[in-house]
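Structural characterization, general
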Amino acid sequence: MRRTAFLLLAASSVFLFSSFANARTRPRQGGTLRVETQADASRWMTSPVRMLVFDSLTQLDDTGKVLPRLAIRWDSQSDDRRWQFWLRPGVRFHDGTPLSAATIVQSLTAQPCSACPWGSVHVAGEAVVFESESPMPELPALLANSRYAITRRDESGNIVGTGPFRYATNSNGAITLAAVDDSWRARPFVNAIELRGSRSLRDQWMDVSVGRADVVEVPAEWLRRAQQEHMRLLTSRDTDLIAIVIDEKDPAVQDSRLREALALSLDRAALFNVVFQKQGETTASLLPNWLTGYSFAFPAAPNLARAKELRSQVERPQEMTLSVDGNDPVLQLMADRVVLNARDAGIVVRPLTAPGHSTLHLTRIHVEETNVAAAFVDATEQLGAITTPPADDLSAVFHQEQDLLAKHTIVPLLYTPRAIAYSPRAHDLKLSSDGAVREADFWLEDAK
Amino acid sequence: MNLRQRLLLMFSLTVIIAVAAVAYIVSLRTRDAFAQADQDRTAGLVAQFHREFDRRGLEIKMRLDRMAASEEVNRVTFDLGHGGEASAYLNEAGTLAQQYGLDFLELLNSDGSIVSSAQWPARFGYKESLPDLSVSAYLKKEELPQGSAVGLFAVRPIKSGDATLYLVGGERLDREFLQSLSAPEGIQIVLYRVGESGFQPEDVVSMSGMVDTPEKYAPLIKLAMTRRTEVSAIVSPTNDRKDSLQTTAIPLMDRSGVVVSVLLVGSPRRGLITLQDHIRAVALTVGGLGILLAIAASLWITGRITRPIVELASASRQVAAGDWNVTVSPHHASGEIAELAEAFNRMTSQLVEQRDRLVQTERVAAWRELARRLAHELKNPLFPLQLTVENLVKARQVLPGEFDEIFDESTKTLMAEIQNLKTIIQRFSDFSKMPQPQLQAVKINELVERVASIHEAALKNREHPVEMRLNLASDLPVIPADPELLHRALSNLVLNALDAMPQGGSITINTFARQETVRIDVADTGTGLTKEECERLFTPYYTTKQHGTGLGLAIVQSVITDHGGSIGVESTPGVGTTFIIDLPRQVAATGANA
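These notes cover the structure that comes with them. (Residues numbered from 1 in each chain as written. Chains lettered and ligands numbered in written order. Predicted model: local features only at pLDDT ≥ 70, side-chain atom pairs only at ≥ 80, totals over all residues. Heavy atoms only, no water.)

1. As for the side chain of Glu 281 of chain A
Residues and elements named next belong to chain A. The test is simple: The way it works is that DSSP assigns letters per residue, a run of H or I at least four long becomes a helix, a run of E at least two long becomes a strand, and they are numbered from the N terminus. The buried label goes to any residue with under 20% of its type's maximum accessible area, the exposed label to any with over 50%, and the partly exposed label to all in between, with areas taken from a 1.4 Å probe on protein chains only. His is not counted, nor are the chain ends, whereas Lys and Arg count as positive and Asp and Glu as negative. Put simply, a salt bridge is a Lys or Arg side-chain nitrogen that is within 4 Å of an Asp or Glu carboxyl oxygen. N or O atoms closer than or at 3.5 Å make up a polar contact, with two conditions inside protein: a donor-capable atom paired with an acceptor-capable one, and, for residues adjacent in sequence, both atoms drawn from side chains. By definition, residues are in contact when any of their heavy atoms lie within 4.5 Å.
If you trace the backbone, Glu 281 turns up in strand 15 (residues 281–282). One buried charged side chain, Glu 281, makes no salt bridge at all; its nearest oppositely charged neighbour is Arg 237, positioned 8.8 Å away. A polar contact of 3.0 Å, which involves the side chain of Glu 281, links it to the backbone nitrogen of Asn 289. Residue contacts for Glu 281: discarding those within four places in its chain leaves Asp 238, Phe 272, Pro 288, Asn 289, Leu 413, Leu 414 and Tyr 415.

Here it is as structure tokens:
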């Protein structure tokens, strides 16, 4: 009896405790999520929260499986040369315009798209049809990319989407995204997201530490410091590829032995260990190892002896020039290291200080796709490599990548993750594998 | 060059050399004085540079000491000394360099590997040679992403456990460094950084920034780098000579003795050049005036010296032309010139006296010769006359019957001899009355051929025939001459040649066109003449023949000289004789009348 009573007491205690705990972690409605970025606030469409305003036709899960988003089903014909997507009913843009095949076609054709995988897109009844002369087996996966998010301009010229937040105001260098009450994805917990731009990393970190910001940026090279400072971090998969693109038409590198010598001279480990503080991964492959599993097949270790040997086989090579994307200081540092590594192999590389054509270009691309074939197409498109889309098959992608890299016109160096730090008041923030906040079910602890 | 010109040249040279020597010496002394001043100034600047160098080195060292004592560096040192990862301090050097105002800063591990580099952050992990701690400050060429730079460096080691962290900091040797030298006004200080690819203009900087014409410094820089010691030269940054600088190049070497930079201290030469220009202007003025003075002096002196000499020369030419009555007046000449004039006058007067005596003597001799010839010529016909008359007298006495016959015969003989006497007298008369040539255009070759044809029969019909050969030039010009007189002269020569060849032989007449004359050679292969005979051959009444008047060749010479020409003879005894006649192409001004 006493034992039974004790068990009942214990069970009620557990129930009460769990009820209390549930009450403490239950999402709260309201509040404003304060996000800070280094870029100007007007460039909010490149921020991690952009996909809270827009939707794409499809989405990828972490395994690369294509899931419905604005499109609820799709079908292919003519050996994947023609794809038809049927739309989710009842979806409206933030200005009240119903989502239709016509608005989707209008969105996808609003800007010239030379790198788009399709040849044409048009309306077919309630569906949207994509057509191409070559097969597009990976089209549903590619359409999940944020580049193909569905947008339109309202009567005021503001850009609107179908996501749970809408663009509201722009004042004092801050953008406000307001929650959409009747969003097809359900109303978010928070009332708004305030995006403050032009904040240095140090300021962002200071703000998040003193509670003036809820979400701040953490570049990959600062991740370790953020960890050492015990910041709350959300880290994506390795999605950013840093690579050197070699202009094979440039007379200085027309000899493939020089390109190979340059690739062999590069000490990726030093960059990984020192510049990125062991965050991400060294790679000689176009796609991250977590996605393909075959990165190891592309040796990333330097071979200075072989590089020197190849270099010595070329008489009086011309000086190479090296440029980097924008004013990225990390890329600039890496470029300087590339110059040093190349010099060790006897190759003269001069970093360009002003924009202009260069023999080598150090660039950082973001690969969103979790589908191997789509990721390959996306990466090669961004790197300017001309390839035929591979079959949606790991082996086919591997061989195609092998063929591409054998030309030594693209030299992958590192894959790095994306990360954000958030304040203790923010709950249920999730970072998708590509480093973006795609789900709006986060909430703020002190919201009233 | 006459005496006046020589005197002028000598005086001018003397003045120029004297003025130039003075100007040169003054200029040299001035330049030496300026050079000494430049040298002192440059030495002062170099000393100042070294002082600044040491001061800056000390300052860098002090900054490194302060840095070493800072919390940040202690933390890094401790962490690295206790197994911390160097990669965590990649940007540390940049932050510290900014904080402590250094252009260069590297944190080196015990093994010399770079932990962090402010000047080239990407060089992490690369190894540097460990600095020599005994040196307080040193120069070093630092590799940078965009080339290289030269800096003044100092080192500060920091111990932590068994490990040592080296702080290697420095300041760039650049325009600011040069400005800190506080050079005197006008002094140009230029710094050249030794680059990797030879001389590059952008590697030359001055206190005011980039140098306008850096390539002008290149030869001096190269010389200083080659000799590895201070060298001086004049550098002209612009085309204006006054902008030139007396520049001293001082090679700056790193710890291993490699020239990493060259300091150039330029002292303006404007003052010196202005002074030199002034000296040159004064020298030129003085020289010019001196030359004018020399001209005047030489004119005055030559007026006194050369006028009598010129007169003497003119008088000498007149004497040479045959006018021996000329005299010179010494005017204002004195001394040797006056003596010379008097001697000249004495000489001409003596010459005239001697000539007169000679003429008198020759005249007497000529008369004697004439008398002898006349006696000889007249004696021959007179003897038959005497015999004939004596025969007539004797025939009248002894053979009165045959007297008439003898008389007629004797009369004929007498008339013949008298005729002979008349002929002799006519010849002498002819010689004394040689006519003046009547000039007309004459083709010499035709004249020669006519003479040859006239004598052709006589030459062949001799016991021992004589051959006549003619070598006549085809380009012979027509000359002004008297054909009859020339015909007579040439005939005389042909007859003379015939007389010289009793045993036969040949007569050759050649004609040539010469530059100003036409030459006629009449050569025989006769007995020839001796040298003495040749000399007297044209003397009237001189003959080598048994029955000659001695007037033939005299007439020939008279004809030729009347034409303004000349006649000569060349002969070798036993071989033959050649008469050479040169007749002028044009009528001489003083020649025969047309």
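2. Regarding the sheet that holds strand 15 (residues 505–513) of chain B
Residues and elements named next belong to chain B. In plain terms, the rule: Strands qualify as paired when DSSP identifies two bridges or more between them. What counts as an axis is a line fitted to C-alpha atoms, over the stretch in contact for a helix, and the angles between N-to-C directions run from 0 to 180 degrees.
On the basis of which strands lie adjacent, the open sheet formed by five strands has the order 13-15-16-18-17 and mixed pairing. At either end of the open sheet lies a strand with only one pairing partner, and these are strand 13 (466–471) and strand 17 (566–572). Strand-to-strand twist across the sheet, computed as the mean angle between neighbouring axes with direction ignored, equals 15°. As defined by bridge partners, strand 16 (residues 517–524) adjoins strand 18 (residues 576–584) across eight bridges and the pair is classed as antiparallel.

3. Considerations on the layout of surface pockets
Taking a probe equal in size to a water molecule and rolling it over the atoms shows the remaining empty space. All names here are of chain B. What counts is decided by this rule: A cavity here means a set of 1 Å grid points, computed over protein atoms only, where a 1.4 Å probe fits but cannot escape. A pocket is an open set with protein on both sides within 12 Å along at least 5 of 7 lines, and lining residues have an atom within 4 Å of a point. Grid points are joined across faces, edges and corners, and a volume is the space filled by probe spheres set on the points.
Size it by volume and the second largest pocket reaches roughly 630 Å³. As for the second largest pocket, its lining consists of 30 residues, of which Asn 496, Asp 499, Thr 543, Lys 545 and Leu 553 are closest to the centre. Broken down by element, the lining of the second largest pocket gets its largest block of residues, eight residues, from helix 10 (residues 483–500).

4. Side note on unusual backbone geometry
A negative phi holds for most residues other than glycine; trans holds for most peptide bonds. Residues and elements named next belong to chain A. The residue Gln 277 is not glycine, and still its phi comes out positive at about 50°. When you line up the elements, Gln 277 lands in the loop between helix 7 (268–275) and strand 15. Notably, Asp 428 is not glycine yet its phi reads approximately 60°, a positive angle. Position of Asp 428 among the secondary structure elements: in the loop between strand 20 (426–427) and strand 21 (443–444).

5. Notes on the interface of chain A and chain B
The line we're drawing: Buried area is understood as the total, over both parts, of accessible area removed when two parts are fitted together, assessed with a 1.4 Å probe.
Every contact between the two is made by 16 residues of chain A and, on the other side, 13 residues of chain B. Interface area for chain A against chain B, summed over the two sides, is near 1,400 Å², with a carbon-plus-sulfur share of 58%. Together, Val 274, Arg 337 and Leu 340 of chain A form the three largest contributors to the area buried by chain A at its contact with chain B, with a combined 34%. At the boundary of chain A with chain B, the tally comes to three salt bridges. With a closest N to O distance of 3.8 Å, Glu 143 of chain B and Arg 343 of chain A form a salt bridge. Mapped by element, the contributors of at least two residues to the side of chain A that touches chain B are helix 7 and helix 10 (329–344) of chain A.

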